[in-house]
Amino acid sequence: MKTARTTFFTRDKNFYKTFFRLMLVVALQNLVAYSVNMLDNIMLGSYSQNALSGAATVNQIFFIVNQLALSIGNALVAICSQYWGKQETEEIRKLTGAALALSILIAAVVVTACTCMPERLLGIFTTSPEIIAEGKAYLGLLKWTFLLFMISNLLIAMLRSVEVVKISFVISIVSLITNGCINYTLIFGHFGFPEMGIKGAAVGTLTARMLELLIIVVYVWKIDTKVRLFDVNLIRIIFAPENRKIWRAFLKVAFPIMCSGMIWAISVPMQTAILGHLSASAVVIGKDIGEGDIERVKSDGRTLSVIDLLIGVVLASLLFVLRGPLLSMYKLTDTAAVLADHFIMIMSIVMVGMSYQMPVSVGVIQGGGDTKFSMYMNLISTWGIVMPLSFLAAFVWKLPVELVVAAVQSDQLFKGIPVFLRFRSYKWIHKLT
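The structure presented is a predicted model; accordingly, all values stated were derived computationally and were not measured.

K.L.:
What should I look at first to understand the overall build of the chain in this one?
P.N.:
The number of helices and strands found in the chain is 17 helices and zero strands. Out of the 433 residues in the chain, the part that is buried amounts to 56%.

The following block contains the structure:
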């Protein structure tokens, strides 16, 4: 096993070069990828408030799909980055086949639910018939993007685990431009096309997601030389009895990560798109463990935790300062504008805690092989603290909506304590390979 001289911060210049390269590209990719759906909200916000509300309601469903996709992708990164540290690409191909099958299965279930009971699903988030009608029109096409997104995200996660990140950023840029152009054309009826409103936004997002999948499949099939995914028979990996151990190995890691993601997704149906440094942390830590350098894992983890906290402070400051220009992009009533301004101020505070505890618990601790800690922490904090506190704030104490939102988001702050204690124990360093 490799050893390294113990220092609090990592002094290896290659570490910083690798991490910041991964972080920057992944963060930009995540920002642009989330902007595909956000662009619908922005353009529909200037078109009609009911259309905006309908799209935002459907995006609550997409948020849960997104959490499932990220959970499966994070599980794949946690294992495959360790195999990448050992240069064992054959195992990466096998694990990707299993993860791909799971992604398709989950997506098929979600699409079926959206097809069979759209009103019931939308009714979970709103009781307004007008918003449900707009949401149903949007969901009719958007549900197919859930399947496309889960496949694309899984393939991007596979490439990320072997430090290939630039293609995902390129894909997101192409997707954003495509969606923006189609939205502008079809929502408002420019260039002689009919004015389709929210259905036009759905067409734009569906087209963008189709293009994303096409580009990533062609890249993995024809260009990638690190993994060479299609060198193996993926169908055989999925169904062959002798490959059951691959499924067991993947599900052992994926299940706690998926539970952790879903606990959070169900209780807090909102997410920021600017925390892409989480995945970069997982790749760096997983690769270190795969190489067997435990002291390096510790010093890298300390360095990453400080970087994450500093990034959170910077991003929170930017969000607070830019809240005016951000809100000006939406067509809101005076009351809605005041509430939105207050919500952004709350999120600016929450983001500092989120930027520390999320990347450290998921990127470092989970990326280091401890896949159960986040599940237990989210289970206790969500159902033992946040949900009761939120219920009391909303229905017993009848506090203003801003304080209810603060109660819902409070776990992003207090979870930093158990995360810090778990991190400093170093009991999260597990070999998965």
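Still more ground to cover, so stick around.
K.L.:
Looking at this model, I keep getting lost on the packing of aromatic side chains. Mind explaining?
P.N.:
In this description, a pair of aromatic rings is defined by centroid distance and the angle of the planes. Scanning the model with the defined rule gives five aromatic pairs in all. Through pairs of rings, three or more aromatic residues link up here, namely Phe 62, Phe 146 and Phe 149. The ring of Trp 221 carries the charged tip of Lys 222 above its face, separated from the ring centre by 4.5 Å. A cation over a ring is seen here: Arg 323 above Phe 320, with NZ or CZ 4.3 Å from the ring centre.

K.L.:
Honestly, the nonpolar core in this entry has me stumped. Any pointers?
P.N.:
If you look at the biggest cluster of nonpolar residues, it comprises 71 residues, and the most contacted ones within it are Ile 72, Phe 146 and Phe 250. In terms of residues, this core owes the most to one element, helix α2 (residues 49–85), which gives 16 residues. Excluding residues within four positions of it along the chain, Ile 72 makes contact with Ala 99, Leu 102, Ser 103, Ile 106, Met 150, Leu 154, Phe 250 and Met 258. Among the nonpolar cores identified, the runner-up in size contains 29 residues, and Phe 15, Ile 311, Met 347 and Phe 373 belong to it.

K.L.:
Explain the confidence of the model for the chain to me, please; I cannot follow it from the model alone.
P.N.:
A low pLDDT means the predicted coordinates there should not be read in detail. The predicted model of the chain averages 78 in pLDDT, with 82% of residues at 70 or higher. Looking at the elements of the chain, mean pLDDT is at its lowest for helix α10 (residues 277–291), recorded as 61, and at its highest for helix α7 (residues 198–223), recorded as 91. Ignoring residues within four places in sequence, the model shows residues 267–278, a span with pLDDT below 50, making 45 contacts including any to other chains.

K.L.:
Would you mind showing me how to read helix α5 (residues 129–161) here?
P.N.:
With 33 residues, α5 ought to run about 48 Å at 1.5 Å a step, and its terminal C-alpha atoms sit 44 Å apart, in line with that. By the largest-angle criterion, Gly 140 marks the main kink of α5, which is about 45°. Just beyond α5, the residue with positive phi is Glu 163, at close to 70°.

K.L.:
Quick question: what am I supposed to make of unusual backbone geometry here?
P.N.:
Of all residues except glycine, most have a negative phi; of all peptide bonds, most are trans. Even without being glycine, Gln 87 reaches a positive phi, approximately 60°. Structurally, the position occupied by Gln 87 is in the loop between α2 and α3 (89–116). Among the residues examined, Gln 87 registers a relative accessible area of 52% and is labelled exposed. For Lys 398, which is not glycine, the phi dihedral falls at a positive 50°. Tracing the backbone through its elements, the reader meets Lys 398 in the loop between α14 (373–396) and α15 (401–409).

K.L.:
Help me understand the environment of Leu 206, please; the structure alone is not making it clear to me.
P.N.:
Along the chain, Leu 206 turns up in helix α7. Leu 206 gets classed as buried once you look at its relative accessible area, which sits at 15%. With 60 residues separating them in the primary sequence, Leu 206 and Phe 146 have C-alpha atoms 9.4 Å apart. With residues near it in sequence (within four places) discarded, Leu 206 still touches Leu 141, Trp 144, Thr 145 and Leu 148.

K.L.:
Just to check I follow, could you spell out the environment of Lys 398 for this structure?
P.N.:
Here Lys 398 falls in the exposed class, since its relative accessible area comes to 62%. Beyond its immediate sequence surroundings of up to four residues, Lys 398 is in contact with Leu 392 and Ala 393.

K.L.:
I tried to follow a nonpolar patch on the surface on my own but got confused; where do I start?
P.N.:
Residues Leu 389, Phe 391, Leu 392, Phe 395, Val 396, Trp 397, Leu 399 and Leu 403 make up a contiguous nonpolar surface patch of about 750 Å² in total accessible area. For the nonpolar patch, the element with the highest residue contribution is α14, accounting for five residues. Mapped onto the secondary structure, Leu 399 falls in the loop between α14 and α15. Its relative accessible area of 33% is what places Leu 399 among the partly exposed residues.

K.L.:
Explanation requested: the side chain of Gln 357 in the structure shown.
P.N.:
Mapped onto the fold, Gln 357 is located in helix α13 (residues 334–366). When its relative accessible area of 1% is taken as the criterion, Gln 357 is described as buried. Among the polar contacts made by the side chain of Gln 357, one reaches the side chain of Gln 412 at a distance of 2.5 Å. The contact partners of Gln 357, leaving out residues within four places of it in the chain, are Val 362, Met 377, Gln 412, Lys 415, Gly 416 and Val 419.

K.L.:
Could you clarify how one ought to interpret the packing of helix α6 (residues 166–188) against α7 in this entry?
P.N.:
Each pair of packed helices can be described by the angle between their axes along with the distance between the axes. Close contact between α6 and α7 brings their axes to 8 Å; oriented N to C, the two are set at 155°. As summarised for this structure, α6 and α7 are arranged roughly antiparallel, according to the angle between their axes. Relative to α7, the crossing made by α6 is right-handed. On the side of α6, the interface is formed by Ile 167, Ile 171, Val 174, Ser 175, Thr 178, Asn 179, Ile 182, Asn 183, Leu 186 and Ile 187, while α7 contributes Gly 200, Ala 201, Val 203, Gly 204, Thr 205, Thr 207, Ala 208, Leu 211, Glu 212, Ile 215, Ile 216 and Tyr 219.

K.L.:
Would you explain the environment of Met 354 in this entry?
P.N.:
With respect to the helices and strands, Met 354 occurs in helix α13. Met 354 gets classed as buried once you look at its relative accessible area, which sits at 4%. With 46 residues separating them along the chain, Met 354 and Asp 308 place their C-alpha atoms 9.4 Å apart.

About the thresholds
- Residues numbered from 1 in each chain as written.
- Predicted model: local features only at pLDDT ≥ 70, side-chain atom pairs only at ≥ 80, totals over all residues.
- Heavy atoms only, no water.
- Helix = DSSP H or I, 4+ residues; strand = E, 2+ residues; numbered from the N terminus.
- Buried < 20%, exposed > 50% of the residue type's maximum accessible area, 1.4 Å probe, protein only.
- Phe/Tyr/Trp six-rings, centres within 6.5 Å; stacked < 30°, edge-to-face > 60°.
- Lys NZ or Arg CZ within 6 Å of the ring centre and 35° of its normal.
- Core = buried A, V, L, I, M, F, W, Y, C linked by side-chain atoms within 4.5 Å.
- Contact = heavy atoms within 4.5 Å.
- pLDDT = per-residue confidence, 0-100.
- Expected span 1.5 Å × (residues − 1).
- Bend = angle between axes of the 7 residues up to and from the residue.
- Patch = residues over 30% accessible without salt bridge, like charges linked within 9 Å, V, L, I, M, F, W, Y side chains within 5 Å.
- Areas by Shrake-Rupley, 256 points an atom, 1.4 Å probe, with all protein chains shown as cover.
- Salt bridge = Lys/Arg side-chain N within 4 Å of Asp/Glu carboxyl O.
- Polar contact = N/O pair within 3.5 Å; in protein donor to acceptor, adjacent residues only side chain to side chain.
- Axes fitted to C-alpha atoms, helices over the stretch in contact; angles between N-to-C directions.
- Parallel < 35°, antiparallel > 145°, perpendicular 65-115°, else oblique.
- Left-handed = near helix turned anticlockwise from the far one by under 90°.

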